[in-house]
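# Coordinate inspection notes
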Amino acid sequence: MILEDNVYINALSAQGITIGDNVSIARDAILICTGVIAQKGTGISIGNNTGINARAYLSGQGGIQIGNDVIFGPEVKIFSENHNYTDALQTIKAQGVSRKGVTIGDNCWLGAGVTVLDGVTIGKGCVIAAGSVVSRSIPENSIAAGIPARVIKNRITGKDE
């Protein structure tokens, strides 16, 4: 495993942080599992042969599962928790959070600046274009792009979606 300069790891959570073999985490990356001690998080799991690029932010409060052979470009952000806000008579802070978790399958490439939101599953073999915001699940072997990200092509069939 390679941990470059200024990597911050907060593994306080129910499942902690597990890191597979041959993983690299580049400089200034942040892996955080619990933001508020009263609401202990779930944790983060990173598979074998995965590369997390510089300035990545992994927020594992609701759980993040990253498969094997995954590539992250710089400044990828993953959020596995969301604030509740539907009651206009209460402050947002008082309404608590929801946690569904994020799963990223094997052999995926998330380009620079991709943001993945809580509740998303990215199937194996996906490519997510740089700068995309993934707010809903992406089927395996898809190429997705945009804000919000949408599937634009299948990697196996080559067909546009």
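The rules behind each value
Residues numbered from 1 in each chain as written. Predicted model: local features only at pLDDT ≥ 70, side-chain atom pairs only at ≥ 80, totals over all residues. Heavy atoms only, no water. Helix = DSSP H or I, 4+ residues; strand = E, 2+ residues; numbered from the N terminus. Rg over C-alpha atoms; globule rule 2.2 N^0.38 Å. Contact = heavy atoms within 4.5 Å. Areas by Shrake-Rupley, 256 points an atom, 1.4 Å probe, with all protein chains shown as cover. Lys, Arg positive; Asp, Glu negative; His and termini not counted. Charge placed at Lys NZ, Arg CZ, Asp CG, Glu CD. Disulfide = S-S within 2.5 Å. Pairing = 2+ DSSP bridges. Buried < 20%, exposed > 50% of the residue type's maximum accessible area, 1.4 Å probe, protein only. Core = buried A, V, L, I, M, F, W, Y, C linked by side-chain atoms within 4.5 Å. 1 Å grid on protein atoms, 1.4 Å probe; cavity = no way out; pocket = protein on both sides within 12 Å on 5 of 7 lines; lining within 4 Å. Points joined across faces, edges and corners; volume = space filled by probe spheres on them. Phe/Tyr/Trp six-rings, centres within 6.5 Å; stacked < 30°, edge-to-face > 60°.

Okay, the overall build of the protein next. Across its full length, the protein holds 0 helices and 21 strands. At 16 Å, the protein has a C-alpha radius of gyration in line with the 15 Å of a compact globule built from 161 residues. Taking the principal axes of the C-alpha coordinates as reference, the protein spans close to 50 × 40 × 20 Å. Considering only intrachain contacts with a sequence separation of at least 6, the fraction spanning at least 24 residues in the protein is 30%. Here the protein displays about 8,300 Å² of accessible surface, and carbon together with sulfur accounts for 51% of that area. Here the protein contributes 13 positive and 13 negative side-chain charges, whose respective centroids are spaced 5 Å apart.

Under the criterion given, the structure shown has 0 disulfides. Counting only cysteine sulfurs, Cys 108 is the nearest neighbor of Cys 126, a cysteine outside any disulfide, at a range of 4.9 Å.

Right, let's talk about the sheet that holds strand 5 (residues 30–32) for a bit. The strands that make up a sheet are held in pairs by hydrogen bonds between backbone atoms, and each pair lies either parallel or antiparallel. The 6 strands are arranged 2-5-8-11-16-19 in an open sheet whose pairing can be described as parallel. The open sheet terminates on both sides in strands that have one partner only, identified here as strand 2 (8–10) and strand 19 (133–134).

What follows is about the pairing of strand 20 (residues 142–145). Covered by surrounding structure in strand 20 are Ser 142 and Ala 144 only, the residues Ile 143 and Ala 145 on the alternate face being uncovered. Examined bridge by bridge, strand 18 (residues 127–128) and strand 20 share 2 bridges and lie parallel to one another. From the neighbouring strand, Val 127 faces strand 20, where its bridge partner is Ile 143. In this structure, strand 20 lies alongside strand 21 (residues 150–154), joined through 4 bridges in antiparallel fashion. The residue of strand 21 that forms the bridge with Ala 144 is Val 151.

Among soluble globular proteins, nonpolar side chains are generally buried collectively. Ranked by internal contacts, the top residues of the largest apolar core, which has 32 residues, are Leu 58, Phe 72, Ile 104, Leu 110 and Ile 122. Setting aside its immediate chain neighbours within four residues, Ile 122 contacts Thr 103, Ile 104, Gly 105, Cys 108, Leu 110, Val 116, Ile 128, Val 134 and Ile 138.

By volume, the largest pocket is sized at about 180 Å³. Surrounding the largest pocket, Gly 35, Val 36, Gln 39, Gln 61, Glu 81, His 83, Lys 93, Gly 96, Val 97 and Arg 99 form its lining.

Turning our eyes to something else, we now look at unusual backbone geometry. The omega angle of the peptide bond from Ile 147 to Pro 148 is -5°, so this bond is cis rather than trans. Relative to the helices and strands, Pro 148 resides in the loop between strand 20 and strand 21. Of note, Asn 22 is a non-glycine position whose phi angle comes to about 60°, a positive value. Within the secondary structure, Asn 22 is located in the loop between strand 3 (17–19) and strand 4 (24–25).

Next up on the list: the environment of Ile 32. Take Ile 32: it is sitting in strand 5. Each C-alpha atom, one on Ile 32 and one on Ala 112, is 20 Å from the other, the two residues being 80 residues apart in sequence. Beyond its immediate chain neighbours, meaning those up to four positions away, Ile 32 contacts Asn 10, Ile 44, Tyr 57, Leu 58, Ser 59, Gly 60 and Gln 61.

One pass over the structure, following the stated rule, counts 1 aromatic pair. Taken together, a centroid distance of 5.7 Å and an interplanar angle of 40° make the contact between Tyr 57 and Phe 79 tilted. Placement of the pair is Tyr 57 in strand 8 (residues 57–59) and Phe 79 in strand 11 (residues 77–79), with a sequence separation of 22 residues. Look at Phe 79 and you get partly exposed, because its relative accessible area is 28%.

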